[in-house]
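Below are the chains, spelled out letter by letter.
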Amino acid sequence: MTIVDDQGRSEPPLAADETATLLGFLNFQRATLAWKCAGLDAAGLGATTAASSMTLGGLLKHMAYVEGEWFSRSLRGRDREAPFGTVDWKADPDWDWHSAAEDTPDQLRNLWQGAVDRSRERLAEALASGGLDQLARRSWPDGSAPSLRWILCHMIEEYARHNGHADLLREAVDGQTGE
């Protein structure tokens, strides 16, 4: 039985195998980011709080980049997808964060949702062809490579950390609070 909370997020399964549990938590974190960014215009997605330059729009673009980096580039060994493949990351390592101000809310949401959709496809392919123990095709400089299990745990952590930022940003925009 799937439990859906007041924000429309499916709760992770209470008793499932390892893969379903990891996917449940990742999808819950993705849904949390979508909820925190829902209904905001460009000013809302561009708002900052405290001394940080972080914005919800920047967060959407950053997470689109992160989705592609882990599930396409690292896991499957593919090239970076647009718009990230043409960026000079050495010259501008925070491009994903600050360039979001040039995008419309629809562009940011579509970029992130498209990245999530492609990640789900690549993840399903990987699970069908090797499971959680398979190693990423792109190795790290020392020659080691993370397992798909590690990548999923890292993505859950990445979303959870940034969703904490999203909580603060959304509250600063319009006072909306919640888990």
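Just so we're clear, the structure is a prediction, and the values are computed from it rather than from any experiment.

Participant: Talk me through the packing of helix 3 (residues 56-76) against helix 6 (residues 148-174); I want residue IDs and the actual numbers.
Facilitator: Here helix 3 crosses helix 6 at 175°, and the two axes come no closer than 11 Å. For the element pair helix 3 / helix 6, the angle class is roughly antiparallel. In this structure, helix 3 contributes Leu56, Leu59, His62, Met63, Val66, Glu67, Trp70, Phe71, Ser74 and Leu75 to the contact, and helix 6 contributes Leu148, Trp150, Ile151, Leu152, His154, Met155, Glu158, Tyr159, His162, Ala166, Leu169 and Arg170. Residue composition of the contact of helix 3 with helix 6, by class: 15 nonpolar, four polar and three charged.

Participant: An account of the side chain of Arg76 is requested, with residue identities and associated values reported.
Facilitator: With respect to the helices and strands, Arg76 occurs in helix 3. On the accessibility criterion, Arg76 (9% relative accessible area) is buried. Not counting the four nearest positions on each side in its chain, Arg76 is found in contact with Phe71, Arg122, Glu125, Ala126, Ser129, Gln134 and Arg137.

Participant: Now, about unusual backbone geometry: what can you tell me, with residues and values included?
Facilitator: Glycine aside, a negative phi is what most residues show, and trans is what most peptide bonds show. Following Ala82, the chain continues into Pro83 via a peptide bond in cis, with omega recorded as 0°. Along the chain, the position of Pro83 falls in the loop between helix 3 and helix 4 (95-98). Positive phi, close to 55°, is recorded for Ala50, a residue that is not glycine. Mapped onto the secondary structure, Ala50 falls in the loop between helix 2 (42-46) and helix 3.

Participant: So what's going on with helix 3? Which residues, and what values?
Facilitator: For helix 3, with 21 residues, the first-to-last C-alpha span of 28 Å sits near the 30 Å given by 1.5 Å per residue. Glu69 marks the point of greatest bend in helix 3, at about 35°. Within helix 3, 20 of the 21 residues are buried, leaving the element largely enclosed by the surrounding structure. Once helix 3 finishes, Gly77 follows within two positions and takes phi at roughly 75°, a positive value.

Participant: So what's going on with the packing of aromatic side chains? Residues and values would help.
Facilitator: Tallied over the entire structure, the rule returns seven aromatic pairs. Aromatic side chains Trp70 and Trp150 sit 5.4 Å apart centroid to centroid with 50° between the ring planes, which places their arrangement in the tilted category. In this pair, Trp70 sits in helix 3 while Trp150 sits in helix 6, placing the two residues 80 residues apart along the sequence. Note on Trp70: relative accessible area 15%, which makes it buried.

Participant: Can you explain empty space enclosed by the protein? Please cite residues and give values.
Facilitator: Under the counting rule described, the total for this entry stands at one cavity of 30 Å³ or more. A volume near 80 Å³ is recorded for the largest cavity. Looking at the largest cavity, it is lined by 13 residues, and the ones nearest its centre are Tyr65, Gly68, Glu69, Glu81 and Phe84. Elements represented by at least two residues in the lining of the largest cavity include exactly helix 3 and helix 5 (105-129). For the lining of the largest cavity, the residue count by class is five nonpolar, two polar and six charged.

Rules and cut-offs
Numbers given to residues run from 1 along each chain, matching the order in which its sequence is written. Local features in this predicted model are restricted to residues of pLDDT 70 or higher, and side-chain atom pairs are both shown and tallied only at a pLDDT of 80 or more, whereas totals for entire chains, interfaces and linings draw on every residue. To obtain the side-chain values, all non-hydrogen atoms of the structure were used and water was disregarded. Whenever a helix is involved, its axis is fitted only over the stretch in contact; in every case the axis is a line through C-alpha atoms, and angles between N-to-C directions fall within 0 to 180 degrees. Only DSSP runs of H or I reaching four residues or more are called helices, and only runs of E reaching two or more are called strands; each is numbered from the N terminus. Roughly parallel refers to an angle under 35 degrees, roughly antiparallel to one over 145, roughly perpendicular to one between 65 and 115, and oblique to any angle outside these ranges. The contact criterion used throughout is that any non-hydrogen atoms of two residues lie within 4.5 Å. We call Asp, Glu, Lys and Arg charged. Ala, Val, Leu, Ile, Met, Phe, Trp, Tyr, Cys and Pro are nonpolar, and the rest, Gly among them, are polar. Type-normalised accessible area, obtained with a 1.4 Å probe on protein chains alone, sets the label of each residue: buried when under 20%, exposed when over 50%, and partly exposed for intermediate values. By this rule the span expected of a helix is its residue count minus one, scaled by 1.5 Å. In this scheme, the bend at a residue equals the angle between the axes fitted to the seven residues that finish there and the seven that begin there. Pairing of aromatic rings covers Phe, Tyr and the six-membered ring of Trp, with a centre-to-centre limit of 6.5 Å; geometry is then stacked below 30 degrees between planes, edge-to-face above 60, and tilted otherwise. Only protein atoms enter the calculation, which uses a 1 Å grid: trapped sets of points that fit a 1.4 Å probe without letting it out are cavities, open sets showing protein on both sides within 12 Å along at least five of seven lines are pockets, and any residue with an atom within 4 Å of a point is a lining residue. Grid points are joined across faces, edges and corners, and a volume is the space filled by probe spheres set on the points.

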